[in-house]
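# Architecture and fold: a report
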Amino acid sequence: MAEPPGAPHRTTGSTLLHPLSGLLGIPLDQINFVACQLFALLAAFWFRVYLGPSHASSAVRHAFATLFGIYFAVFCFGWYSIHLFVLVMMNYGIMNMASIPNIHRYSFVVAMGYLTLCHISRIYIFHYGILTTDFSGPLMIITQKITTLACQLHDGIGRQAEELTAEQNRLAVKSRPSLLEYLSYLLNFMSIIAGPCSNYKDYIAFIEGRHVHMKLLEVNWKQKGYDRLPDPSPTGAVMYKLCITLVSLILFLTLTKNFPMAYIIDNEFLDKTPFLSRLGYLYVVTQAAKPKYYFAWTLADAVNNAAGYGFSGVDERGTFRWDLLSNLNIWNIETATSFKMYIENWNIQTAAWLKRVCYDRAPWYPTALTFILSALWHGIYPGYYFTFLTGILITLAARAVYVFSHAYSKHLGVALAANQTSSSLHKNGSESGHAELC
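Rules of the game
Residues numbered from 1 in each chain as written. Predicted model: local features only at pLDDT ≥ 70, side-chain atom pairs only at ≥ 80, totals over all residues. Heavy atoms only, no water. Core = buried A, V, L, I, M, F, W, Y, C linked by side-chain atoms within 4.5 Å. Buried < 20%, exposed > 50% of the residue type's maximum accessible area, 1.4 Å probe, protein only. Contact = heavy atoms within 4.5 Å. Helix = DSSP H or I, 4+ residues; strand = E, 2+ residues; numbered from the N terminus. Polar contact = N/O pair within 3.5 Å; in protein donor to acceptor, adjacent residues only side chain to side chain. Phe/Tyr/Trp six-rings, centres within 6.5 Å; stacked < 30°, edge-to-face > 60°. Lys NZ or Arg CZ within 6 Å of the ring centre and 35° of its normal.

Bringing the nonpolar core into the picture now. Residues Phe189 and Tyr203 are the most contacted members of the largest nonpolar core, which totals 72 residues. Discounting chain neighbours no more than four positions away, the residues touching Phe189 are Ala40, Ala43, Ala44, Phe47, Phe64, Ala65, Phe68, Gly69 and Phe72. Counting residues in each nonpolar core, the second largest holds seven residues, with Val212, Leu216, Phe311 and Trp322 among its members.

Structure below.
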């Protein structure tokens, strides 16, 4: 994470914080990222208190969220943020002009095509490194949102209710959004920098003040001794997530300083280090990189919660849950006992997006197509395709083992039951014969 002394600041965004970057020895683009997220956190608290649904109209809340989001994008990425706005406006045109039966197809092709072109230009034309924070991250989130909304709009207008799954029916959008609603959903300051992707209906319910109320109505509060609906506060959840964020940041800075990732391409390391040692070091540096994602995604989750967005209901113990937008479960990741368990708890909202726009809609080979889409969405580095294509084989193999073991267990259970029945009949027959003899 640290730059060598005298290294030029590589960013297309604001250079206002360059002195702080030089003081800390941290790249300016990463300083801008953290500064925007911390400012977004403060703005989110202010947004919930002073621009809450009881104090401001939905239009005012939409406008504030959009304008601040645009400012953060320009601050972080400068003129490169124009890619975000171009993609947003192109797909707004598609959403309003395309026929409903094809709206999700056109939106998907344009969004993913533009994202892929940006991935190619970022690497092969402008030579951005893989460790550089740049505009492709927000573009990836916006691509998720565009395709999510297009599919849910297609479900709400272009398909019959009986054709939809329960989840598709719940999330279906019945009318095209206005320009302000569309911009707010895609460019709001809570998720413009680091996401996560959320469903359009959930976001509109949050802006209109129905988000928490809808979840609370799922519980019978009179049985719990309440005279009226409670008013859950996100403050506790935000403080907890900020603690995780701080610990993740400290771990990341400490581990990457002692185990720099750049060392794996050092000529001396490649030529003189034994293979097993290189493999061990590679494992260590990949583990050391994980707290960076813990930091970014947990902070993004906290920003949304601070604004009052992300309430998911009440658990069996009666505790208010603020994990609707959570992107990971750190404990389950670190204690995962299978590939399936790991990917279910890592980048959760992206997994949900892949399921909703690809897996549930693919006419054939849904598993393979979903992993291929995941690789394409991540970028064009060969490592992505190796990882996700391998994931296809791992997933299919795990399913085959599960089916075999389940069938074997069932067969074994039937055999044991038959053996017990036979033994019981034999025993009863012996007792009957003994009784007759007596």
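For the rest of this paragraph, the subject is unusual backbone geometry. Here the bond from Gly195 into Pro196 is cis, since omega is 5 degrees, no more than 30 degrees from zero. Positive phi, normally seen in glycine, also occurs at Asn347, with a value near 50 degrees. Mapped onto the elements of the fold, Asn347 is located in the loop between helix 15 (339-345) and helix 16 (348-359). At Tyr365, a position not held by glycine, the phi torsion is positive, near 45 degrees. Within the secondary structure layout, Tyr365 lies in the loop between helix 16 and helix 17 (366-378).

This part covers the environment of Lys201. Counting through the fold element by element, Lys201 comes out in helix 9 (residues 200-207). Lys201 gets classed as partly exposed once you look at its relative accessible area, which sits at 35%. Separated by ten residues in the primary sequence, Lys201 and His211 have C-alpha atoms spaced 9.2 Å apart. Residues in contact with Lys201, not counting those within four places in the same chain, are Arg170, Leu171, Ala172 and Val173. Here the side chain of Lys201 touches Ala172 through a polar contact of 3.5 Å, landing on its backbone oxygen.

Further remarks concern the packing of aromatic side chains. For the structure on display, the rule yields 35 aromatic pairs. On the basis of an interplanar angle of 5 degrees and a centroid distance of 6.3 Å, the ring pair of Phe39 and Phe68 is categorised as stacked. Linking Phe39 in helix 2 (residues 28-50) with Phe68 in helix 3 (residues 58-77), this pair joins segments that are 29 residues apart in sequence. Over the aromatic face of Tyr185 sits the side chain of Lys145, whose NZ or CZ is 5.5 Å from the ring centroid.

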